[in-house]
Each structure stands twice: as structure tokens, then as C-alpha cells.
Amino acid sequence: PMFRQMIYIELWNEGMSTTLVSRMAISWKDIFTNQDYFKQPQWYNLYCFPDKNFIDQSAATIKWAARKVGTKLAWKIGTGEFEEQSVYCGRLLFAVEIEDREGGKAPSLALTDMKPKDCKLFGDVRQKVFFRFQVFQAQGLNVGGAYAQVELTIGRKTMKSKAVSSKANGMFQWYEALELDDEYVYDDQIWQWTEEDYEAGRFPSSFLDRGIPSCLLRVFRCSGIASALGEGVNDATRKLIGFYRCTLRELLDIGEPPKQPYVDSSGSRMMETTILNAKGNVILNKVGSSLPAFFIPAADKVNQQFDPSQRSAFRAVPENPPWPVMDDGRGNDISMDPYKGMQCIMLARDGTCDLESTEFAGFVWVSLKAYFPSREQCKSAKKGPPILSPFTKYNTLRIPSPEEMHCTAYFGLRCHVSQAKDIAAAGPNGVANAHVEVVVCGRSMATHTVKMSNNPTWDMTLGGKKFNEIALPCLGWPGCENYENTTYSVKDEEAGEEKGEYWLQQYWMLRSAPRIEVRVVETVNGKKHLLGHCYVAPEQCFHTQQDPQWVELFKGNPEVDEGKILLSMQLIHSEDPLYKSVPGELVPQRCDETNGSKQVQSGAPVIEWGGDDVDIPWADNLFVPNAYFDRTKMPSTARFGLDATERAEVTMRETKIQIQVLGLRHMSPSLKLTAPSLYAYVQTTESWDGDPMGCKKTREWARPTAYDPNYKEQFELEVLLPDDLEYAPSLEILIFDAVGIFGARQVVAWGNVKLSEFYPQAIAAADENADEEEEDEAALKRRRKQERKARLIELTNDLLQSGTIVAKDAKTLQKAFFREQAQDEEGPVTRAFDLYISAPSEAAFVEVTEAWLLSKEKKEIQEKALKEEARKK
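None of these values were measured; they are calculated from a predicted model.

1. Focus on the overall build of the chain
Counting its secondary structure elements, the chain contains 17 helices and 35 strands. For the chain, the exposed surface amounts to about 45,900 Å²; the carbon and sulfur share of it is 51%.

In C-alpha cells:
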């Protein structure tokens, strides 16, 4: 099945002209290996391409033609880039079943005689759902001085924010709440949801995952004038600059669905429970009521203490949070907390986005809530009064910002820029003269420029006055758990039994801090060119010490690799004694082999991890131990599962690199070489040739020709190299030659060699791979047969234990397989086993082998009957 074609489900519009509206693809392999799932009717979302009017088509054509200037031009509409099917156009209720028709078998009547009137699925009263979408801020949006608008689409309905311009620090701020409501098809038998379930706080997990369409978040560039002229003009002129598609569960931020079903007297079904704020963004009615706990009657007004614009009444303190805190009878009292489940989303881009290839889509901070009335309410609303939204009155108020709630603090940032690898160059010679700029909250600092290297090493820590007194959100927010206890402290013992809890609160609010941008830049003819950049989340820099990490660089599309950079960052609270100290280098501490480790030299004890793990929900789902909160330990290595002995102490060893330069071959005639020379160096100073022991050159030579010179020279570099492969630099190679009428020698070609490949541990690993390749072919074949036999024995034993086959059949299958393997024969059991390996399905394996076992048994019965008849004769 893995070699079969895809199944395409297409929606066509057969009007005046027949057009394809939408296409969805399902693989044969998925259907074959999950037959029980696909047999049941499931809802599938259908999407189509956005309509392009004449202006959009013309603009796209002009842009495409401009990019093709200087090449063979062919007339074409569009940009030629990949485009995402982003417009929701409905849902399809679909089931598929594979039926064996081999041997002329007739199709099943149950499949051929099904009529639309026979399908009674999803015919019950629709389920009403109310959504509240909170838009906080955005960063890095390419609007070019215009306005930005955020839009969330769930199914066929959309919520739109107002259009805003950027602040002085480059951030876009909305702090706006939007809402929509919709009704979704429901089946009370498939998604059973009783009143007892509702009162206990349970809701059907599968309805949330399958009954509601996926979410599409989009960000548009708008004109201020068009926005003022009305929604219609704005929608016609705005341009898409980024989007993000996800499931409702992801945007609600309520975790994974349950793995085990809930069982009671009504049966077994997949249910989730919202108690004690476990699913804070899923809202149900108050126990014993038909309304949520925070509902405001039509005659009442919203309390002014929730309105940030009412400065005299607004008080964001633990006793009076800036939103209602009311228990629904299940321990849920933060249902209206907009910061619960707030996420920083990196926007995606495709051919429909009005961006250049080097422009990044940006980040946006949002959260979502969903209110589910009970099934009885939905049924009563068909005849009685409608169900009212509990969010409408609250949405007239602006969401308070962290600054308005006084939950910010001052920090200092230190960033150690170690090195970069495989970066491109903006200049014509292909070799970069790059420096690094670090930008946070509108402030920036830069390293020195490393010349003539595509693998530059800066080894420089940025920090000090410019990166001090940076105001960032932290220490939780009014209304969050343990807010009154969230204080900053250096020492663990001051945290008492709740060790590290205050750090958790700091993490949650740090999510709303702007991302730290790291840019690799080259200046050519007075103009800066971006070679690549990356963004670092502040909540992942909150360490006393921080190990360097390799971070991928990109320009516009994060999926396009532009090299990588080795960084370590450290955020220091203003009350930390380190804040006032002179900025020093971040770890790893470079120490030579003679002096040994600085920790051992100072007599400090060996680092040991202590305490149980504390679950901090990092974006990459990693865990941080309690050592994270202890200043005597190096915490960040634990995030990557490293042992204490593997901490970031890097020993620098005196190293000699022997190089034999034999010559150059097949140099391009377009270089117009006269007498080229070759430089080989390991960059250890700001100037590429600043260390005479780490940089050597050949003579200028043109024999036998300038395009194939034979140098036959040998020289030796003496440098300090880290003993860790992770931090090993590259050996850079430059070719110089006389250029121009004055004969100035310039770079005409370049290259590099990874020194990590010549480290002893790298050579040992390569030798192991070589030994495996040199393994005798016959021995390799025998080993593979043994592995296949062991796999078949394991499979048949599993089937035997589950009662799918009997012991006799298992033994028969094993004997037949062993015989076929010994004779290199592709028999029926071997074919069934190969099918199982390509698409693991025990049911399919049994189905294929069952026919062979029956035919074999039938053949044995016939042979036995013939023998008995011959014996009688």
C-alpha cells in the first residue's frame, strides 16, 4: 500500500463553468493501516485558494516579470511560489473502507445500496459554542509604516481586530478581545454528553477535536486611510503578510486529549474534565445554573475596576484582579483571565503573502476561550429564548497590559556570541565580513567585524549600560495562582516549601516579553545586508549561567537554512547581585589543559543535581530540575539531558595542524588567474591574518599553468582548539590573485574544512562506519535473514498471545517462512511479511496468510484422502 497512489476527494462547482473548488488527499497507506478509524464517518475540513481580483493578478504578474529581468521571459500569472489553500469552504462527512475484490468477488450490498436518506448521522440539535479571542501584541511585522490587523477564522465565521500602527520600539499593541458564536452539527450517540457529565465538569474530547473546524489566524497589512473608510474598503485593499493554522485544542492551550476513555453506567467514551483550572480556557455553566459564574445580566454594568481607562477605579492587586474571579463550583475561578494560555505564535508565509523573499512574517501574541452551553440548553433554545454570549459586555473593555498591572521588573541582558557556521556573503567575492547585532526592546549592541570568513568566530559578550534597565513583564499577574507569594529571591531557602514556584510565575509572564533578535549583518559599500537572523525567547534565558546553543539562521522563511550561530544569553534581575557587577564572559569557561578547570582550581565541589524535577511547560516541552533555581549549580545543561560531568567546562588544547598543499586543479578560466597564492588559517583574532602562528600562505605560483599550479608545500599551524567537537572551528582557505590594471591582490575563491572531522573521536566514529561497510556481503545477508526471522517469530508470538491464531498456525507460518528464506524463495508467507514491514498491520498480515493456511490445510486433507483411498485399494 505504500506504493499506491493517493485518494483525492474533490469539490466541484458545476455552474456556468465547471470549476474545481477544493481538493483533499488521503494516502492509501493511512487507510490501510488505520482501517477501523476510516470506517467510521469523520468530518474533514475543505479549503480552497483565495480569490485574486484583477488588481492582485496584475500586481503579481508585474512582480514576477521584475524578478525575471535578464532571463528568458515567459508570460505567466502568479509568483511561482507555493501557495497554501487557506480559505475554509466547508466540511465533508466521509468514511472509506477497503474491500477485497480479488477473484471476481462481488461488492458488498451494504456499500452499494446506501442512500443519502439512510444516513441519520449528525442529525441532532446543533451544539452552540461561543469564542472569545484575545489579541495582545505583535513583533516583526513587515507593514512598512502602515497598519496591521489580526483576524481569526473558525469555520465560516471570522473575528477581526482593529488596525493599529507600530510603537516606537517596533511592537504592535492591541490588547483587544473579540468574539463570535457558531452552531456545529452534533450526534448525541457518537458524542454522548449527559447532564451528569456537564455538572461534573466533563465534556466530550472528540467533539472538540473533530466536531469543530480548525482555526486560521491571519495578519494583514492595512492602509490607515482605507481602515478609516470602513470595513469593505479595508478588506478590499489589505494584504496578507502571515498566517498560522492550528486545531482548536492548540489555540485553547488545554493539553493533549486523554488516552484512556471515561467509563460509567452509560458506557465508555472519551471525556475531559475541567476542574481546579485544569482546562481554564474551556468554560461551562456554574454548577446548578444555566449561566457561567461571571455572567452579567442585561440590566447591570461591568465593574469599573476591570476597566484600565478608569484610572481612579482600576486597581490591579491580588484582592481585586482586573477581571472577574468567580468559582463555578468546580474550583475553576480564572475563566476570564485573558493571560491564561497566552501563546507567542510564529507566523508562516507562502506565495499568497505580500512579502519579499528576505522578509520575515513576524510573531503575534494571542489566547482563546470557548464557552460550551449544555446539550439541554441547546435543545431548549430551538423553541425558547436564545442562548446569550457571556463575553459581550466584557469585550467592550480593553485588556490591561502588564505595565498597567504593575507586573514588570528591570533586567539586564548579557549575550555571548561565540561563532557562526556556513553563512552566506553579500559581497561579490563570496567571503563575508560579518558582525552580529543583538536587538531587544528597541535597544541594540553589536560585535566587531570579522573579515574574510564564512565561519567567523567573535567570542564576545555583549552587555552593560545599553542592555541594563530593560523593563520586562515578570512575577505573574493579579489573579494568577500564588501571585501574592511571587517575589524575587536569589537564595532557594527563601522560597520555603514552594521551592521554585515564584520562578514558574515569572516564566508565565515572561512569555509576553518581546523576542530577542540576533542579526548577522555585512556592510557592503556603506549599506547593511542581512545574512541571517534568529529570535530567542526571553523565558529561556532566565538562568544564572547559560550554555551556548546552536541556533538556525534564516532570512524570510524560517524553513530555509542560512547557516547557524552559537549563542548563550542571560537575563539578570535588577535585585540580583550580578546585575551591578562588571559584565563577564558567559559559560563555557575556556580553560587551558595546564591550569585545569577553574572550579577544581578554586576548590569548589563537583556539581551534583539535587531535588525532584519541576515541570515547567517550555515551548519545546523540556523539563528543568530544581538545580535550575540554585545558583551553585549550572542549570542549563540539564535541559538537554546532560550529566553533571558533561557540564560546559571546555578545555582549550594546544594543537598543531599539518597541511600539505599539493596544488590547484581545474580553476575556472573566468577567474583570469596570473599567479595565484593560497592562504590557510584558523581565525583566532579580529583580523583573519592577525595571528602569524595560525595563518600560513603559499608562494605565488603559475607552473605548469596559473589554472593548475603545483605548490607542493607543507606548513604547520599552531592554535588553541576546544576539545569539544561542538565548538570546533573551521580551517579557512582563501585564493588570492592579482586583479585589475594595478595588480592589487584580492580574493578570487574560498573554501573551508571542518576541523571537527579530524578530531580523534570523529576519526574513531568514521572507522566504525568503514568497518561496517567492509563487512562481507554473505555475512551481511545472513545477518539480515536472522533479523527477519526474529521479527517474524516476535510477530507470530504476539498474534498467538492475543488469541488471533492458534499454536499450530504459528508453527506452520514459522516453518514455511524459514524454508522460503533458506531457499531464497518469495513465497506467500514472505510476501505477507514484507507487506507487514512496509505498512505494519497485524490484521492485514492475518488476512493474507489466512488464505494460504486454508489452501494448505485443504491440500493436506486432499492428500490424506488420496493416501487413505490408495491404502484401501
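Having seen the structure, we can now continue with the description.
2. Structural notes on the environment of D253
Take D253: it is sitting in the loop between helix 9 (248-252) and strand 12 (262-264). Along the backbone, D253 and G341 are 88 residues apart, and their C-alpha atoms lie at a distance of 5.4 Å. Not counting residues up to four positions away in its chain, the partners in contact with D253 are G341 and Q343.

3. Some words on the pattern of salt bridges
As enumerated under the stated definition, the model contains 26 salt bridges in all. D354 serves as the salt-bridge partner of R221, at 2.6 Å between the closest nitrogen and oxygen. Here R221, found in strand 10 (residues 215-222), pairs with D354, found in the loop between strand 16 (343-346) and strand 17 (363-371); they are 133 residues apart in sequence, far enough to count as distant. Of the charged contacts, one joins K873 and E869 as a salt bridge, the two residues approaching to 4.0 Å between their closest N and O atoms. Note on E869: relative accessible area 43%, which makes it partly exposed. One continuous salt-bridge network, built from bridges that share partners, spans E151, K160, R218, E231, D235 and R238.

4. Overview of unusual backbone geometry
A cis amide bond, omega 0°, links R703 with the succeeding residue P704. Its place among the elements puts P704 in the loop between strand 32 (695-697) and strand 33 (710-722). Even without being glycine, L276 reaches a positive phi, approximately 50°. Summarising the element assignment, L276 is placed in the loop between strand 14 (271-273) and strand 15 (282-283). The phi dihedral of D459 falls on the positive side, at around 50°, and the residue is not glycine.

5. A closer look at the packing of aromatic side chains
Across all of its chains, the model carries 27 aromatic pairs by this definition. Ring plane angle 20° and centroid distance 6.5 Å describe the contact between F172 and W174, whose orientation is recorded as stacked. One exposure class covers both F172 and W174, and it is buried. Each member of the aromatic cluster is reached from another via a ring pair, and the members are W43, F122, Y186, W191, F207 and F372. Positioned above the aromatic ring of W550 is the side chain of K564, whose terminal nitrogen or guanidinium carbon lies 5.0 Å from the ring centre. Above the ring of F818, the side-chain terminus of K789 is found at 5.5 Å from the ring centroid.

6. Concerning the packing of helix 16 (residues 828-838) against helix 17 (residues 842-872)
Two numbers describe how helix 16 lies on helix 17: the axes approach to 9 Å, and their chain directions differ by 170°. The pairing of helix 16 with helix 17 is recorded here as roughly antiparallel in orientation. Residues P828, V829, A832, F833, L835 and Y836 of helix 16 form the contact with helix 17, whose participating residues are E842, F845, V848, T849 and W852. Grouping the constituent residues of the contact of helix 16 with helix 17 by class yields nine nonpolar, one polar and one charged.

7. Comments concerning the side chain of D307
Here D307 shows up in the loop between strand 15 and strand 16. No salt bridge forms around the buried D307; measuring N to O, its nearest opposite-charge neighbour R398 is 6.0 Å away. Leaving out residues up to four positions away in the same chain, D307 has contacts with F314 and L397.

8. Section: the sheet that holds strand 35 (residues 744-754)
Pairing within the open sheet is antiparallel, and its four strands lie in the order 32-31-34-35. Each edge of the open sheet is held by one strand with a lone partner, namely strand 32 and strand 35. Each adjacent strand pair in this sheet contributes to an overall mean axis angle of 20°, direction not counted. Relative to strand 32, strand 31 (residues 677-681) is paired through three bridges, and the arrangement is antiparallel.

9. Topic: the packing of helix 15 (residues 807-822) against helix 17
Working note: a packed helix pair is described by the angle between its axes plus the distance between those axes. Direction vectors running N to C along helix 15 and helix 17 enclose 90°, while the axes themselves pass 11 Å from each other. Overall, the two elements helix 15 and helix 17 adopt an arrangement that is roughly perpendicular. On helix 17, the residues that touch D809, T812, L813 and A816 of helix 15 are F845, T849, W852, L853 and K856. Here the residues of the contact of helix 15 with helix 17 sort into five nonpolar, two polar and two charged.

10. Considerations on the sheet that holds strand 10
What the four strands build is an open sheet, ordered 7-6-10-11; its pairing is antiparallel. What marks the edges here is a single partner per strand, and that holds for strand 7 (157-160) and strand 11 (239-246). Neighbouring strand axes in the sheet, compared pairwise and without regard to direction, differ in orientation by 20° on average. Where strand 6 (residues 147-154) meets strand 7, four bridges bridge the pair, whose relative direction is antiparallel. Considered in strand 7, the bridge of E151 is made with K160.

11. Quick look at the side chain of E437
You can see E437 is positioned in strand 19 (residues 434-440). Here E437 falls in the buried class, since its relative accessible area comes to 11%. Only 3.2 Å separates the side chain of E437 from the side chain of H435, close enough to count as a polar contact. Here E437 is in contact with M445, A446, E517, V518, R519, V521 and K528, once residues within four sequence places are set aside.

12. Details of the environment of I7
Relative to the assigned elements, I7 resides in strand 1 (residues 6-14). Separated by 19 residues in the primary sequence, I7 and I26 place their C-alpha atoms 5.2 Å from one another. In this structure, I7 is in contact with M24, A25, I26, W28 and I31, ignoring residues within four places of it in sequence.

13. Some details on the nonpolar core
Among the nonpolar cores identified, the biggest contains 88 residues, and F131, F133, L141 and F372 are the most heavily contacted of them. By residue number, the principal contributor to this core is strand 8 (residues 171-186), which donates ten residues. Setting aside residues no more than four positions away along its own chain, F133 makes contact with V150, L152, M159, E176, A177, L178, L217, V366, S367 and L368. Ranked by size, the runner-up nonpolar core spans 33 residues in total, among them V450, F467, V536 and C541.

14. A few points about a negative patch on the surface
On the surface, E97, E99, D100, E102, E847 and E850 cluster together into a patch of negative charge. Position of E102 relative to the elements: it lies in the loop between strand 4 (87-94) and helix 4 (109-112).

15. Section: helix 15
In this model, helix 15 (16 residues) spans 23 Å end to end at C-alpha, consistent with the 22 Å of a helix rising 1.5 Å per residue. Of all the residues in helix 15, the buried ones are A810, T812, L813, Q814, A816, F817, E820 and Q821. D824 lies just past helix 15 and shows a positive phi near 50°.

16. Some words on the pairing of strand 17
Most of strand 17 is tucked away: nine of the nine residues are buried. Burial along strand 17 is two-sided: F363, W365, S367, K369 and Y371 and V364, V366, L368 and A370, pointing in opposite directions, are all buried. As defined by bridge partners, strand 15 adjoins strand 17 across two bridges and the pair is classed as parallel. Pairing of V282 across the sheet is with A370, part of strand 17. Examined bridge by bridge, strand 16 and strand 17 share four bridges and lie antiparallel to one another.

Definitions and limits used
- Residues numbered from 1 in each chain as written.
- Predicted model: local features only at pLDDT ≥ 70, side-chain atom pairs only at ≥ 80, totals over all residues.
- Heavy atoms only, no water.
- Helix = DSSP H or I, 4+ residues; strand = E, 2+ residues; numbered from the N terminus.
- Areas by Shrake-Rupley, 256 points an atom, 1.4 Å probe, with all protein chains shown as cover.
- Contact = heavy atoms within 4.5 Å.
- Salt bridge = Lys/Arg side-chain N within 4 Å of Asp/Glu carboxyl O.
- Buried < 20%, exposed > 50% of the residue type's maximum accessible area, 1.4 Å probe, protein only.
- Phe/Tyr/Trp six-rings, centres within 6.5 Å; stacked < 30°, edge-to-face > 60°.
- Lys NZ or Arg CZ within 6 Å of the ring centre and 35° of its normal.
- Axes fitted to C-alpha atoms, helices over the stretch in contact; angles between N-to-C directions.
- Parallel < 35°, antiparallel > 145°, perpendicular 65-115°, else oblique.
- Nonpolar A, V, L, I, M, F, W, Y, C, P; charged D, E, K, R; others polar.
- Lys, Arg positive; Asp, Glu negative; His and termini not counted.
- Pairing = 2+ DSSP bridges.
- Polar contact = N/O pair within 3.5 Å; in protein donor to acceptor, adjacent residues only side chain to side chain.
- Core = buried A, V, L, I, M, F, W, Y, C linked by side-chain atoms within 4.5 Å.
- Patch = residues over 30% accessible without salt bridge, like charges linked within 9 Å, V, L, I, M, F, W, Y side chains within 5 Å.
- Charge placed at Lys NZ, Arg CZ, Asp CG, Glu CD.
- Expected span 1.5 Å × (residues − 1).

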